[in-house]
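A look at the structure
Next come the chains, spelled out residue by residue.
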Amino acid sequence: MSSRIALLMFSVACLVLPLAPAGAWAHDAPVPHVHPTFVGRFPLDYDAINVTQLGANSAIPDDGQDDTAALLKVLNDSDYDPSTETVSFRKLMPKTVYLPAGTYDVSAPIIVASSTLRIVGDGPDRTIIRLAAGSPEFNDRNNPRPVLKTGNHYQTANPDKGCTQNWANCGFANYIQDLGVVIAPGNPGAIGIRYDVANVGVMRNVSVRAALANDSGLYGISFETAPGPGYVDNVSVVGFDYGVYLDDMPINVLTFSNLRVASSRIASMLNRAKTVVLERFTSDSPTAIIMQSPSASVTLVSSTLNGPGSGPAVRLEADSPQCLGSAGQAVPGPLLYARKVTLRGFSEFASKKGVSLLPGVSHITEWATVKAYVGATSRSDWPGAGTGPSLMLNIVAPRMDPLVDPVDPGQWLNAKQFIQMEDNGDIGPALQRAINLRPRVVYLPWKEQPYELRSQVNVTGPVQHIDFGFAQVRVGAGGGMTAGILVNADQVTLLDNVATNIWIASESKRAVLIRDVSAFGGYFEARANSAALFVENAGSKAAITVGAQARAFARSVDRSTTTWLNNGGTLWCLSCNVEEKFSPIKTSNGGLTEILGGTIDKHTPLCPPVNPPLDAETGCEGDQALFKVEGPGSRMSVLMTGTVRAVGSWRTLVTDLSGTTPVTRSYSDAECLADQDFTRSRKIALPVYTTPAP
């Protein structure tokens, strides 16, 4: 059996997971147990590396000493053993390095060599990495250096991948959480954080601040070479010439939710060529966004842009593209889509090479630089600042904020302590025993070998958080289609730091959040009539199924090869990335689906000119569409960018069978943004498509 056929069979099997009903496990008998001892925010047995507990190599905050060497050592070591000072590397799941509250003083760049690293503090105002004033390595604006840079998995292990220390496309599973970076004056060439991230990873609850003097800080956060997909959530940047900088390599997609940028000297964001999706973006700078090449793409929703009193909020500085060949029709500059945007202190929403676009407006209902197809009809009548109907579905997408973990150790349980011999290596019964004791938090420490899950675990009662600790949990032999996690708790539930191939279904009447799903994705289901399911920062091969009257809201998901099904519910995704074959999204039985931002970047061979049947050797999908709509009342909207190297492998983008007359959209409808020599790609705006109202 070829690997491609095996992968297809696995994907199809995941889509029909028949988890047993709640109550299948009965482990209710009292079980001896102990509650953890905490050191800072983590239990002692959580497997977090505490930088203050490493003997002579410790980084001690608030002691007035330079912590550069100590931080470099611990962030470039793994499984640190102070007795032997051995260095090993977890090649699949992130290790956690914990910086307790306090200020860590540094004077040189903290460059991390390898990826799969989780750097965690006690909060952006409590754990601070502070660059000393006038540090010599940060005095050259023409040669900027980062205070903190995340690393690269393949840097030394696989040079054939092209992944060197500066190549972000191999920055797999890099996490920065709950800390702040502060730049003192006299550092004109400083970058707060260079965030190299790929496929999965999040920067969450982070602040980056520079002194407001002109000689302090060039970029707050930079994205260079080829990062993405990656997620930035609840991050603030203050000061710098540019709050966020994205360079001129046009791949992949970067997603920002709740990004706040203030007091940038030039602009809150400089995007030279990348695909960016912004939700709940707040800008308080002279210019909100500068888009500097035809390849630059920005999707901007539910955002507020505050300015100095005049000028454009968004500057499109690129010339019109010179597109060659038959990739589609040229459009006037970069792709910009805006929806529910409030403006204050700007005389116009945007300008293109000095030409005003939407002058004198204070609110954008919906507007774009590209046309849309509503069914078979090409439309360019975006409502702009008016009150007319949106051309896209405009699904209202809430956010879920998980409950705060209790500080009482008596509310935490380590599931590993409940393993019994009769479980025969199945971690499911141990998890169930911990949950049945009704704690608030259940966690699973990382261990050298994967845990095997061969049974169903029911999350019930007051449990509000299951932390998998990035341990590998896989479906073991004999698990079949009945192994997984079924959530039906009494309150909102967070399941996070999820590793490989976990299946999670929700029947809960309270919201469920699944986030930080690393490396190999998982299968997630919002069952019929359940409360909202949220999926955020999910890695390659993450699949979602939505039942009738259920709702699922996804943010920054690299679904890669998986099929998504919306069977009569609501499915909304902010940044869905597609890289390979076998990955349609299907909407049926009156379902509503909206895909807002993201990329199609497919690495399979081009198909022959004539549609063939499915061919496991060439990877051609034949007549299969990337998006498919079926049945009366079913509707879908999609807005994405793509690369021409994908043409042929997905010739059919949309097949809409919801009405009496079938509608198809293909790459021939795409609008060219720019030709690129890099990786043989030509960047295009895929046809914006919406199913007509019935």
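What counts and what doesn't
- Residues numbered from 1 in each chain as written.
- Predicted model: local features only at pLDDT ≥ 70, side-chain atom pairs only at ≥ 80, totals over all residues.
- Heavy atoms only, no water.
- Helix = DSSP H or I, 4+ residues; strand = E, 2+ residues; numbered from the N terminus.
- Buried < 20%, exposed > 50% of the residue type's maximum accessible area, 1.4 Å probe, protein only.
- Contact = heavy atoms within 4.5 Å.
- Areas by Shrake-Rupley, 256 points an atom, 1.4 Å probe, with all protein chains shown as cover.
- Pairing = 2+ DSSP bridges.
- Polar contact = N/O pair within 3.5 Å; in protein donor to acceptor, adjacent residues only side chain to side chain.
- Disulfide = S-S within 2.5 Å.
- Salt bridge = Lys/Arg side-chain N within 4 Å of Asp/Glu carboxyl O.
- Core = buried A, V, L, I, M, F, W, Y, C linked by side-chain atoms within 4.5 Å.
- Phe/Tyr/Trp six-rings, centres within 6.5 Å; stacked < 30°, edge-to-face > 60°.
- Lys NZ or Arg CZ within 6 Å of the ring centre and 35° of its normal.
- Arc of directions from axis to C-beta.

Quick notes on the overall build of the protein
On a plain count of helices and strands, the protein comes out with 3 helices and 54 strands. Expressed as a percentage of its 694 residues, the buried residues of the protein come to 61%. Contacts in the protein between residues far apart in sequence, at least 24 positions, make up 63% of those at least 6 positions apart. For the protein, the exposed area adds up to about 24000 Å²; of that, 53% sits on carbon and sulfur atoms.

Overview of the environment of Ile-395
Relative to the helices and strands, Ile-395 is located in the loop between strand E29 (377-379) and strand E30 (412-414). Judged by relative accessible area, which is 13%, Ile-395 ranks as buried. If we skip the residues at most four places from it in the chain, Ile-395 touches Arg-339, Phe-553, Thr-570, Leu-571, Trp-572, Leu-592, Thr-593 and Glu-594.

Some details on the sheet that holds strand E17 (residues 267-271)
Sheet architecture is open: 10 strands sit in the order E6-E9-E11-E13-E15-E17-E20-E22-E25-E26, paired in mixed fashion. Each edge of the sheet is formed by a strand with only one pairing partner; in this case those strands are strand E6 (110-111) and strand E26 (355-359). Bridge analysis of strand E11 (residues 190-194) against strand E13 (residues 219-223) gives 3 bridges, and the strand direction is parallel. If you follow Ile-193 over to E13, its bridge partner there is Ile-221.

Points about the pairing of strand E38 (residues 502-506)
In terms of residue burial, E38 counts as a mostly covered element, since 5 of its 5 residues are buried. Across the two faces of E38 the burial is the same, with Ile-502, Ile-504 and Ser-506 and Trp-503 and Ala-505 all buried.

Details of the environment of Asn-152
Following the sequence through the fold, Asn-152 ends up in the loop between strand E9 (145-149) and strand E10 (172-183). Taking the relative accessible area as the measure of exposure, Asn-152 reaches 0% and is therefore buried. C-alpha separation for the pair Asn-152 and Asp-196, spaced 44 residues apart in sequence, amounts to 7.6 Å. Among the polar contacts made by the side chain of Asn-152, one reaches the main-chain carbonyl oxygen of Trp-167 at a distance of 2.6 Å.

Section: helix H3 (residues 428-436)
The element H3 is largely enclosed, with a buried count of 8 among its 9 residues. Along H3, the positions that sit buried rather than exposed are Gly-428, Pro-429, Ala-430, Leu-431, Gln-432, Arg-433, Ala-434 and Ile-435. Summarising the contacts, the buried residues of H3 are in contact with E30, strand E31 (441-443), strand E32 (451-453), strand E33 (456-459) and strand E34 (465-467). Looking at the residues trailing H3, positive phi occurs at Arg-438, about 65°.

Structural notes on the pairing of strand E40 (residues 522-526)
Across the 5 residues that make up E40, a large majority, 5, are buried. Of the two faces of E40, the one carrying Gly-522, Phe-524 and Ala-526 and the one carrying Tyr-523 and Glu-525 are both buried. Inspection of the sheet shows E38 paired to E40 by 5 bridges, in the parallel sense. Across the sheet, the residue bridging to Trp-503 is Tyr-523, located in E40. Alignment of E40 against strand E42 (residues 543-546), held across 4 bridges, turns out to be parallel. Bridge assignment links Tyr-523 to a residue of E42, and that residue is Ala-543.

Some details on the state of the cysteines
Inspection of the entire model under this criterion finds 1 disulfide. Disulfide pairing places Cys-573 opposite Cys-576 at an S-S distance of 2.0 Å. One quick way to see it: the torsion about the S-S bond of Cys-573 and Cys-576 is about 125°, and its sign makes the bridge right-handed. Comparing Cys-573 with Cys-576, the two get one shared label, buried.

Looking at the pattern of salt bridges
In this structure the tally under the stated criterion is 25 salt bridges. Note that Asp-77 and Lys-73 form a salt bridge whose closest N and O atoms lie 3.2 Å from each other. On the basis of relative accessible area, Asp-77 is assigned to the buried category, the value being 9%. Exposure remark for Lys-73: the relative accessible area of 25% places this residue in the partly exposed category. One salt bridge in this structure joins Asp-516 and Arg-204, with 2.9 Å as the shortest N-O distance. Placement of Asp-516 in strand E39 (residues 512-517) and of Arg-204 in strand E12 (residues 198-210) is noted, with a sequence separation of 312 residues between them.

Observations concerning the nonpolar core
If you look at the biggest cluster of nonpolar residues, it comprises 97 residues, and the most contacted ones within it are Phe-256, Leu-278 and Phe-349. Here this core takes 6 residues from strand E24 (residues 335-344), the largest share from any one element. When residues no more than four places from it in sequence are discounted, the contact partners of Leu-278 are Phe-256, Leu-259, Met-269, Ile-289, Val-298, Thr-299, Leu-300, Val-301 and Ser-303. Listed in part, the 64 residues of the second largest apolar core include Ile-427, Val-442, Ala-471 and Ala-543.

Observations regarding the side chain of Arg-515
Here Arg-515 is to be found in strand E39. Setting aside its immediate chain neighbours within four residues, Arg-515 contacts Arg-204, Pro-402, Leu-494, Leu-495, Asp-496, Asn-497, Val-498, Glu-536 and Asn-537.

Overview of the environment of Gly-311
Position of Gly-311 relative to the elements: it lies in the loop between strand E21 (297-306) and strand E22 (312-316). Those residues in contact with Gly-311 that sit more than four places away from it in its chain are Phe-346, Ser-347 and Glu-348.

Some words on the packing of aromatic side chains
Inspection of every chain in the model, using the stated rule, returns 14 aromatic pairs. An angle of 70° between the planes, with centres 6.1 Å apart, marks the rings of Tyr-195 and Phe-223 as edge-to-face. With Tyr-195 in the loop between E11 and E12 and Phe-223 in strand E13, the pair connects residues that are 28 residues apart, well separated along the chain. Plain terms: the ring middles of Tyr-219 and Tyr-245 are 4.1 Å apart, the flat faces sit at 5° to each other, and that makes the pair stacked. Note that Tyr-219 is positioned in strand E13 and Tyr-245 in strand E15 (residues 242-246), a separation of 26 residues in sequence. Each member of the pair, Tyr-219 as well as Tyr-245, is classed as buried. Put simply, the rings of Phe-38, Phe-42, Tyr-46, Tyr-98, Trp-412 and Tyr-443 touch in pairs and so form one group of aromatic residues. The positively charged end of Arg-665 is found above the aromatic ring belonging to Tyr-373, 3.9 Å away from the centroid.

As for helix H2 (residues 68-76)
Along H2, the residues classified as buried are Thr-68, Ala-70, Leu-71, Val-74 and Leu-75. Summarising the axial view, the buried residues of H2 lie within an arc of 165°, below the 170-degree limit, and thus occupy one face. On its buried face, H2 is in contact with strand E3 (48-50), strand E4 (95-98), strand E5 (102-106), E6, strand E7 (117-120) and E9.

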